[in-house]
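As a plain string of letters, each chain reads:
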Amino acid sequence: MSINISNHLPTVGIDRMSFSVPSHYLPLEALAENRGTSFRKYQVGLGQEKMSVPAPDEDIITLAANAGARVLEGEDLSALDTVILATESGIDQSKAGAIYVHGLLNLPSHCRAFEVKQACCSSTAALQMALAGVSIKPNRKFLVIATDVARYGLETAGEPTQGAGAIAILVSANPRLIAMDPESGSYTKDVMDFWRPNYLDTALVDGKYSIKVYLDALENAWAEYQREADRPFEAFSRFCYHLPFTRMGEKAHNQLTSLVDAQLSKEDRLHQIEAGLMYNRQIGNTYTASLHLSILSMLENDTEDLSGKRIGLFSYGSGCMGTFFSGTVQPGYRDTLLTEAHAKQLASRIPLELPTYEDWYAHSLPCDGQTYLTPLCTRGQFRLGGIDAHQRQYEASPGHPSSTRQDGPAQLAQV
Ligand code: COA
């Protein structure tokens, strides 16, 4: 039986979206060759072609600020109520990454800023929190930023499924991109498929088990969504999934279509998800940003006009929690997309040689409070200039056309 929870709520949803990725990537051909693996395993078996690699002067804050700056261009900042930053690559146990972003973007002091965590799906909980907030205060906007660096050990099975990136999602009443349905179904279970203790900088993962738990969570979250929404599979035109690697989206969609006994050809099944796989295949895993990057990929790359079409969405976070939710693409959505800027960003990335990838992988900031300046590598708007007395120093990248703030750590001495 459906639960009627939508009677008096305004239409709320995603008004604008933009992503930011590191300026460099590793072609997976190079990784395959060096690791003695067939590139087809990565390209076909995992569905990945490139992997974003953060430079020493890029981190979750610079990526988040770059994405946030673009999504807020032309916006009335006084209407911004809250910034919620979702990540599982936090840089501080106490201070929220959202506060650094708040500072870099010069957001008004009435705007709250905090951070949330639950593996790859806290971004969806943050989005739902923002939707609830806008339902109560329809004149306000909420900014959700999902930002992560997906990092596994060198020469492990997880290595080709790394990546990095951030996505900024502006949530408002009468949204221009997607009106979200109020119903959702969640599933939570205490399991150890993927985790990262505070003393490690790479995740521990039981990869095969994590795929199984993901699919279990999808099945249960879908069932719970059906209890709330009572909406058949046929009501959806497209589906986007959490994509640690894009083949996972195919596995998930096969699971769902067989669960509901959908009579679809392999081509029709793929058609329902494939535009949503395109960005992730070129960027790699972005943990909390992954599902939302797939949504943006769907909106920007699907050749059909999706106006009025409902999209089914599945968010998964190891440990584990899954949520199935949905929304309807708004008429005229293409006018609000930043497709050209995103294409330019991806096309301007620089390929890395494997030794540089390994050097950057090994790079870390000093932990003893000494002053350190990072080399200038990024082409992004904001960069991590260094660290001084245990404080990360962020700055506008010198020479970047959009630079608005130049009071970075120029006073720091190179060590
Ligand atoms: N050509 C085409 N496909 C190939 C291939 C080749 N030459 N060689 C292998 N493959 C296929 C395999 O058949 C397999 O496909 P299948 O999943 O349809 O069976 C796929 O490539 C992966 O290879 P496999 O050997 O099974 O896995 P792996 O040991 O390399 O590990 C992961 C894969 C995803 C488990 C690993 O990358 C990982 O742990 N990633 C991090 C955790 C993660 O992403 N979890 C997902 C849920 S959140």
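If you're wondering where the values come from, they're calculated on a predicted model, not measured in any experiment. (Residues numbered from 1 in each chain as written. Predicted model: local features only at pLDDT ≥ 70, side-chain atom pairs only at ≥ 80, totals over all residues. Heavy atoms only, no water.)

**Digging into the overall build of the protein**
The helix and strand tally for the protein stands at 12 helices and 17 strands. Against the globule reference of 22 Å for 415 residues, the protein gives a C-alpha radius of gyration of 20 Å, in line with a compact fold. With the C-alpha coordinates of the protein rotated into their principal frame, the extents come out at 65 × 55 × 40 Å. Residue pairs in contact within the protein that sit at least 24 positions apart in sequence constitute 75% of those at least 6 positions apart. (Helix = DSSP H or I, 4+ residues; strand = E, 2+ residues; numbered from the N terminus. Rg over C-alpha atoms; globule rule 2.2 N^0.38 Å. Contact = heavy atoms within 4.5 Å.)

**Thoughts on the site of the ligand**
With respect to spatial proximity, 17 residues lie near the ligand, and among them Lys41, Ala157, Ser210, Arg247 and Lys251 are the closest. Serine 210 has a polar side-chain atom sitting 2.8 Å from a nitrogen atom of the ligand. Separating an oxygen atom of the ligand from a side-chain N or O atom of lysine 251 is a distance of 2.4 Å. Protein contact buries 70% of the 960 Å² of open area that the ligand shows by itself. Mapping the ligand onto the cavity grids shows that it belongs to the second largest pocket. At the level of secondary structure, the elements contributing two or more residues to the shell around the ligand comprise α2 (39–46), α6 (207–229) and α7 (246–259). (Near = heavy atom within 4 Å. Polar contact = N/O pair within 3.5 Å; in protein donor to acceptor, adjacent residues only side chain to side chain. Areas by Shrake-Rupley, 256 points an atom, 1.4 Å probe, with all protein chains shown as cover. 1 Å grid on protein atoms, 1.4 Å probe; cavity = no way out; pocket = protein on both sides within 12 Å on 5 of 7 lines; lining within 4 Å. Sits in = over half its atoms within 2 Å of the grid points.)

**Quick word on the packing of α6 against α7**
Viewed as axis vectors pointing N to C, α6 and α7 meet at an angle of 40°, and their least axial separation amounts to 10 Å. With respect to α7, the axis of α6 lies oblique. As for how α6 packs across α7, the hand of that crossing is right-handed. Contact residues: α6 offers Ile211, Tyr214, Leu215, Leu218, Glu219 and Trp222, while α7 offers Met248, Lys251, Ala252, Gln255, Leu256 and Leu259. Considering only residue class, the contact of α6 with α7 consists of nine nonpolar, one polar and two charged. (Axes fitted to C-alpha atoms, helices over the stretch in contact; angles between N-to-C directions. Parallel < 35°, antiparallel > 145°, perpendicular 65-115°, else oblique. Left-handed = near helix turned anticlockwise from the far one by under 90°. Nonpolar A, V, L, I, M, F, W, Y, C, P; charged D, E, K, R; others polar.)

**What about helix α3 (residues 60–71)?**
Taking 1.5 Å per residue as the helical rise, α3 with its 12 residues ought to reach 16 Å, and the 16 Å between its terminal C-alpha atoms agrees with that figure. By the criterion of burial, α3 is predominantly enclosed, with 11 of the 12 residues buried. (Expected span 1.5 Å × (residues − 1). Buried < 20%, exposed > 50% of the residue type's maximum accessible area, 1.4 Å probe, protein only.)

**Quick look at the pattern of salt bridges**
Applying the stated criterion across every chain yields a total of 21 salt bridges. A salt bridge links aspartate 15 to lysine 141, with the nearest nitrogen and oxygen atoms 3.4 Å apart. A residue pair is termed long-range when its members are at least 10 positions apart, and aspartate 15 in strand β1 (residues 12–20) and lysine 141 in strand β6 (residues 141–150) qualify at 126 residues. Taking the relative accessible area as the measure of exposure, aspartate 15 reaches 3% and is therefore buried. Note that aspartate 81 is salt-bridged to arginine 140, the shortest N-O span being 3.4 Å. Here arginine 140 lies in the loop between α5 (122–136) and β6 and aspartate 81 lies in strand β4 (residues 80–86), a separation of 59 residues in the sequence. One salt-bridge network, held together by shared partners, links Asp15, Glu75, Lys141 and Arg176. (Salt bridge = Lys/Arg side-chain N within 4 Å of Asp/Glu carboxyl O.)

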